[in-house]
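Spelled out from the first residue to the last, the chains are:
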Amino acid sequence: MKHFLINLFKIDRQPRKGLLPVEWVMGGYLLLTLLIVLFAYTKIANPESMITGRMRIVAITVALWIVYRLVPCRFTVMLRVLAQMLLLGWWYPDTYEINRLLPNLDHVFATWEQGLFGFQPALVFAANYPQRWVSELMDMAYSAYFPLIATVAFFYFFRRYKEFQRCAFVIMASFFVYYVVFILLPVAGPMFYYKAVGTGEIARGIFPDVGYYFNSHRDMLPSPGWKDGFFYQMVADVHAAGERPTAAFPSSHVGISTVCMLLAWHSGNRRLFYLLLPFYVLLCLSTVYIQAHYAIDALAGLVTGALLYGSLMAVSRKMRS
């Protein structure tokens, strides 16, 4: 423990002067979305709060940079990275504020889903497996999303510190790539679209274009499963607190988890990888079970997650060279 604390607070002899990779990628996303907000200022519901929110994030970033410059050590590096990761919770609903300016595309994706499977997996999965243990297992896996990310990030920090910045960059950049896609592709997902259309119509294969419906409606279906379950309530509370009709395609839950699993494999620690593997597999299934995503969202998340990992690892190598 003593050795650990010494390394944690040991002053860096050559402290980094500029921004960290995670801060650069956040800054790029902030600038891009700020330009969109300014361009569509009169059409966005709360442009002032979106702009001031970005100013607060800049202030937080600068403040933590100053702290690091005063005390340059691993601990203050961790604070800077952790702050950016926690702020992802602010950036997520921000995608809805922008993409609701565009017409909804769920009818297109639900039609593709029907054509590929002949039915709606998100509608029948939980209906065919309503058992309490299945419901709790799926909700537990879905709620393991952020712990899975944190486990991989902290493993690199404590056990592979030389690659910690690389790991954090790949995770954060993946998030922001998905957020850009969510802005450009306004797909709400089954829990919102099925509620808007009606599950009866969906079961009959009727997928109407709802246009700008989600610009003013955020009603969603209650999550299927055992409503008295501990993990069910946890997921329901999270959805009630911050879920928006956005970010369905591709599934960032599946995509980011795929990135993290590949990072776990890259770490060389096979125990870490196989420890997380059951949670990862169940998480991919749970996104459809709880009706957060269409099955094609999960498949797209798997493919895009692998592609993002490969491309961003290549980018990080060039940044270091």
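Everything numeric in this text was worked out from a predicted model, so none of it was measured.

## Observations concerning the overall build of the protein chain
Thinking step 1. A count of helices and strands for the protein chain gives 16 helices and 0 strands.
Thinking step 2. Its C-alpha radius of gyration of 21 Å places the protein chain within 12% of the 20 Å reference for a compact globule of 321 residues.
Thinking step 3. The C-alpha extent of the protein chain, read off along each of the three principal axes, is 65 × 50 × 35 Å.
Thinking step 4. Looking at the protein chain as a whole, 50% of its 321 residues qualify as buried.
Thinking step 5. In the protein chain, the share of contacts with a sequence separation of at least 24, taken over all contacts with a separation of at least 6, comes to 84%.
Thinking step 6. Counting 27 positive and 17 negative side-chain charges, the protein chain places the centres of these two groups 18 Å from one another.

## Some details on helix α8 (residues 132-143)
Thinking step 1. In this model α8 runs 16 Å from its N-terminal to its C-terminal C-alpha over 12 residues, within 8% of the 16 Å that 1.5 Å per residue would give.
Thinking step 2. For α8, the complete set of buried residues consists of V134, S135, E136, M138, D139, M140, A141 and Y142.
Thinking step 3. In the core, the buried residues of α8 are packed alongside α7 (121-128), α9 (145-159), α13 (230-242), α14 (252-266) and α15 (270-289).

## A few points about the packing of helix α2 (residues 21-39) against helix α3 (residues 47-70)
Thinking step 1. α3 packs onto α2 with a crossing angle of 160° between their chain directions and a minimal axis gap of 11 Å. The angle between the axes of α2 and α3 places the two elements in the roughly antiparallel class. For the crossing formed where α2 meets α3, the hand is left-handed. Of α3, the residues touching α2 (which contributes E23, M26, L30, T33, L34, V37 and L38) are P47, M50, I51, R54, I57, V58 and T61.

## Considering the nonpolar core
Thinking step 1. Counting residues in hydrophobic clusters, the biggest one holds 96 residues, and the most contacted among them are W91, F176, Y179, Y193 and L263.
Thinking step 2. Ignoring anything within four residues of it in the chain, the contact list for F176 reads V25, M26, Y29, L88 and W91.

## Digging into the pattern of salt bridges
Thinking step 1. Taken as a whole and assessed by the stated rule, the structure comprises 5 salt bridges.
Thinking step 2. Put simply, R80 and E23 hold a salt bridge, and the shortest N to O gap is 2.6 Å. One end of the pair, R80, is in helix α4 (residues 74-86); the other, E23, is in helix α2, with 57 residues separating them in the sequence. Per residue, the accessibility class of R80 equals that of E23, and both read buried.
Thinking step 3. Its salt-bridge partner being R166, residue E163 comes within 3.1 Å of it at the nearest N-O pair.

## Quick look at helix α10 (residues 164-184)
Thinking step 1. Over its 21 residues, α10 extends 31 Å from the first C-alpha to the last, a length consistent with the 30 Å expected when each residue adds 1.5 Å.
Thinking step 2. Counting buried residues along α10, 17 of its 21 residues qualify, which places the element largely inside the surrounding structure.

## Concerning the environment of L79
Thinking step 1. Note that L79 resides in helix α4.
Thinking step 2. Through-space distance from the C-alpha of L79 to that of A40 is 34 Å; in sequence the pair is 39 residues apart.

## Side note on the packing of α8 against α15
What describes two packed helices is the angle between their axes and the distance between those same axes.
Thinking step 1. Running from N to C, α8 and α15 point in directions that differ by 110°, and their axes come no closer than 7 Å. Relative to α15, the element α8 lies roughly perpendicular. Each of V134, S135, L137, M138, M140, A141 and Y142 in α8 lies in contact with α15, whose residues at this interface are F279, L282, L283, L285, S286, T287 and Y289.

## Digging into the packing of aromatic side chains
Thinking step 1. Counted according to the given criterion, the structure contains 29 aromatic pairs.
Thinking step 2. Judged by centre distance (6.1 Å) and plane angle (90°), the rings of F125 and Y129 are edge-to-face.
Thinking step 3. Between the aromatic rings of F192 and F214, the centroid separation amounts to 6.3 Å while the plane-to-plane angle is 80°, which identifies the pairing as edge-to-face. In this pair, F192 is assigned in helix α11 (residues 190-197) and F214 in the loop between α12 (199-203) and α13, connecting sequence segments 22 residues apart. No difference in accessibility class separates F192 from F214, as the two residues are buried.
Thinking step 4. Taking NZ or CZ as reference, R74 lies 4.1 Å from the ring centre of Y161, over its face.
Thinking step 5. Note that R270 overlies the ring of W265, its terminal NZ or CZ placed 3.5 Å from the centroid.

About the criteria used
Residues numbered from 1 in each chain as written. Predicted model: local features only at pLDDT ≥ 70, side-chain atom pairs only at ≥ 80, totals over all residues. Heavy atoms only, no water. Helix = DSSP H or I, 4+ residues; strand = E, 2+ residues; numbered from the N terminus. Rg over C-alpha atoms; globule rule 2.2 N^0.38 Å. Buried < 20%, exposed > 50% of the residue type's maximum accessible area, 1.4 Å probe, protein only. Contact = heavy atoms within 4.5 Å. Lys, Arg positive; Asp, Glu negative; His and termini not counted. Charge placed at Lys NZ, Arg CZ, Asp CG, Glu CD. Expected span 1.5 Å × (residues − 1). Axes fitted to C-alpha atoms, helices over the stretch in contact; angles between N-to-C directions. Parallel < 35°, antiparallel > 145°, perpendicular 65-115°, else oblique. Left-handed = near helix turned anticlockwise from the far one by under 90°. Core = buried A, V, L, I, M, F, W, Y, C linked by side-chain atoms within 4.5 Å. Salt bridge = Lys/Arg side-chain N within 4 Å of Asp/Glu carboxyl O. Phe/Tyr/Trp six-rings, centres within 6.5 Å; stacked < 30°, edge-to-face > 60°. Lys NZ or Arg CZ within 6 Å of the ring centre and 35° of its normal.

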